Amino acid sequence: MFAVWVGLLAVRVLHAAHLRSNVSHAAAQTTEIRSFYQAEPQCQCVANNPAWKKTQRTEPKCIFIDLGAADGNTFAKFLENDYGRVKDCPSGKWEAFLLEANPQFTKELSSLSENFPGQVHSLAEHAAFSCEGTTSFFIDKDATHNHWGSSMMSDAPDAVKSGEVKVTVPMTNVVQLIAENVLPEDWVMLKVDIEGAEYNFIPCLAQSSEASLVDRMYLEEHWWFPSITETDKAALAEAKKQLVSKKVDIPNYYSET
């Protein structure tokens, strides 16, 4: 079941613009990453960087950022108004950034980009993370549930069942993607379903001076993975509190797809 927007977009956007008016770039920050990604990725959290270039766009829109986009099934729900009426978006317009590391979905995401030129930005074969580099990505080969257990984590249960078949893919720093592509007046929806990597990404996002650009975050937590410790869970919980303090709405969320 998918959550819906609450309240009028116009009111929320004006409120968000006021809250962010004094936010400035901070110096680059880094955080150690855990070793459960094996020897990769060889990079650290980059939460702020004054060299990031802000968008030149001036017209506000809905921005839908889908981390773990699969074949675009959640994006389809966005178009079907399951995340709120698309026609109520600021200026009545939207853009979507679809990130998916599993190369089995590249064809579908490329087709969506072609069908919605200038609106859908496909980052197929890119892992959503908090820094740039490369990483091993482990494939869940079970097509009966749409390969939903594919993960950067070598001990992800469905990836283990599939024999830890892996590919090497580049990583996208989603914090940078947000900072460079979002206006304070936009309505930003961030869906995070990245099979354990949220325990790295969310604490990094919470450090960002641009975190309040996100209006709503739909987060699925994979707390049952063997490598996820109580320390990891506590760090994620604290990061969520920080994001809420920055006016990021985080409703309960779970997707069966």
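In this convention, every chain numbers its residues from 1, walking through the sequence in written order. For this predicted model, a pLDDT threshold of at least 70 governs which residues receive local features, and a threshold of 80 or more governs which side-chain atom pairs are given and counted, while totals over whole chains, interfaces and linings are taken from all residues. By convention in this description, side-chain values take in all heavy atoms of the structure and omit both hydrogens and water.

- Going by what an unreviewed UniProt entry lists, the chain is known as Methyltransferase FkbM domain-containing protein and is assigned to Symbiodinium natans.

### A word on the packing of aromatic side chains
Here comes step 1: Note on aromatic contacts: the rings of Phe and Tyr and the six-membered ring of Trp form a pair at centre separations within 6.5 Å, being stacked when their planes are under 30 degrees apart, edge-to-face when over 60 apart, and tilted otherwise. In total, this model carries 11 aromatic pairs according to the counting rule given.
Here comes step 2: An aromatic cluster of at least three residues, connected via ring pairs, comprises Phe 64, Phe 75, Phe 78, Tyr 83, Trp 94, Phe 116, Tyr 218 and Tyr 253.

### Regarding the state of the cysteines
Here comes step 1: To count as a disulfide, a pair of cysteine sulfur atoms needs to be within 2.5 Å. Considering all chains together, one arrives at three disulfides under this definition.
Here comes step 2: Covalently, Cys 43 is tied to Cys 131 through a disulfide, its sulfur atoms 1.9 Å apart. One quick way to see it: the torsion about the S-S bond of Cys 43 and Cys 131 is about 55°, and its sign makes the bridge right-handed. In this pair, Cys 43 is assigned in the loop between α1 (9-20) and β1 (62-67) and Cys 131 in the loop between β4 (127-129) and β5 (133-138), connecting sequence segments 88 residues apart.
Here comes step 3: A 1.4 Å probe rolled over the protein chains alone gives each residue an accessible area, and that area as a share of the maximum for its type sets the label: buried under 20%, exposed over 50%, partly exposed in between. Look at Cys 43 and you get buried, because its relative accessible area is 13%.
Here comes step 4: With a relative accessible area of 2%, Cys 131 lands in the buried category. For the purposes of this entry, the term helix denotes a DSSP run of H or I that reaches at least four residues, the term strand denotes a run of E that reaches at least two, and both are numbered from the N terminus.

### Some points on the environment of Trp 187
Here comes step 1: For Trp 187, the position within the fold is in strand β7 (residues 187-192).
Here comes step 2: What makes Trp 187 buried here is its relative accessible area of 1%.
Here comes step 3: Taking the C-alpha atoms as reference points, Trp 187 and Cys 62, 125 residues apart in sequence, are found 4.7 Å from one another.

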